[in-house]
Structure formats: structure tokens, C-alpha cells
Amino acid sequence: MGLIRELALLPLAPLRVATWSVGVVADAALAERRARIGQELAGWENALLAGEITEAEFDRREDELLDELEDLGGGPIESTT
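The following refers to the structure shown. Here the structure is a predicted model, which means the values were calculated and not measured.

1. Points about the nonpolar core
Step number 1: Among the nonpolar cores identified, the biggest contains five residues, and these are Ile-37, Leu-41, Leu-65, Leu-69 and Leu-72.
Step number 2: Elements with a minimum of two residues in this core: α2 (13-49) and α3 (55-72).
Step number 3: If one sorts the elements of this core by residue count, α3 sits on top with three residues.

2. Details of the environment of Ala-35
Step number 1: Mapped onto the elements of the fold, Ala-35 is located in helix α2.
Step number 2: Residue Ala-35 is classed as buried on the basis of its relative accessible area, which comes to 14%.
Step number 3: Each C-alpha atom, one on Ala-35 and one on Leu-69, is 9.9 Å from the other, the two residues being 34 residues apart in sequence.

3. Here we look at the pattern of salt bridges
Step number 1: Applying the stated rule across the entire model yields eight salt bridges.
Step number 2: Put simply, Arg-36 and Glu-40 hold a salt bridge, and the shortest N to O gap is 2.2 Å. Within this pair, Arg-36 and its partner Glu-40 are both found in helix α2, separated by four residues, close to a single helical turn.
Step number 3: Since its relative accessible area comes to 32%, Arg-36 is described here as partly exposed.
Step number 4: A relative accessible area of 30% places Glu-40 in the partly exposed class.
Step number 5: One salt bridge in this structure joins Arg-60 and Glu-57, with 3.0 Å as the shortest N-O distance. You can see Arg-60 and its partner Glu-57 sitting in helix α3, three residues apart, about one turn around the helix.
Step number 6: When its relative accessible area of 40% is taken as the criterion, Arg-60 is described as partly exposed.
Step number 7: Relative accessible area serves as the criterion here: at 23%, Glu-57 is assigned to the partly exposed category.

4. Details of a nonpolar patch on the surface
Step number 1: On the surface, a nonpolar cluster with roughly 350 Å² of combined accessible area is contributed by Leu-3, Leu-7 and Leu-10.
Step number 2: Along the chain, the position of Leu-3 falls in helix α1 (residues 2-9).

5. What about the environment of Ala-47?
Step number 1: Structurally, the position occupied by Ala-47 is in helix α2.
Step number 2: Residues Ala-47 and Phe-58 lie 11 residues apart in sequence; the distance between their C-alpha atoms is 8.4 Å.
Step number 3: If near-sequence neighbours (up to four positions away) are discounted, Ala-47 is found in contact with Glu-52 and Ile-53.

Parameters at a glance
Residues numbered from 1 in each chain as written. Predicted model: local features only at pLDDT ≥ 70, side-chain atom pairs only at ≥ 80, totals over all residues. Heavy atoms only, no water. Core = buried A, V, L, I, M, F, W, Y, C linked by side-chain atoms within 4.5 Å. Buried < 20%, exposed > 50% of the residue type's maximum accessible area, 1.4 Å probe, protein only. Helix = DSSP H or I, 4+ residues; strand = E, 2+ residues; numbered from the N terminus. Salt bridge = Lys/Arg side-chain N within 4 Å of Asp/Glu carboxyl O. Patch = residues over 30% accessible without salt bridge, like charges linked within 9 Å, V, L, I, M, F, W, Y side chains within 5 Å. Areas by Shrake-Rupley, 256 points an atom, 1.4 Å probe, with all protein chains shown as cover. Contact = heavy atoms within 4.5 Å.

This is the structure we're talking about:
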């Protein structure tokens, strides 16, 4: 039964591959954006610790980045180190 089903769906194989490929690219782009947010957040934290920005500025930037992360679907930020 599975073989007959696969043979019947064989003409749709290119569409299935294209759909899978788009999903892989979208996942990679999401991971890249989340990593960028993590890097930016670490940079702002370093700037705060070095006295280059005020705590209010850090809080504002942190809120912006966390809002962007939430818009992307939340979850932990991937470490790039």
C-alpha cells in the first residue's frame, strides 16, 4: 500500500523538495537573526559594563531586542562562541 501511494505521489516530488528547501532556508534565516540579536545584546551589555552607555539606554536597547526576539518566536538565544 505504501509503495502504491509513493508511486502515485511521485509527480509531486519536485514540489515536496521545493517545500522542504524553503523550510530549511527559512529555519536558517531565523537562526541567523536570533544569533544576531544575541550578539547585539552582548555588545550592549559590554558597553554598559564599560561605562559607554547609561543603564537607561541599555534597558531601552534590551527591550527593543527582546521584543524583536519575541516577534521571531522566542526561545533561547543561540551562542555563537
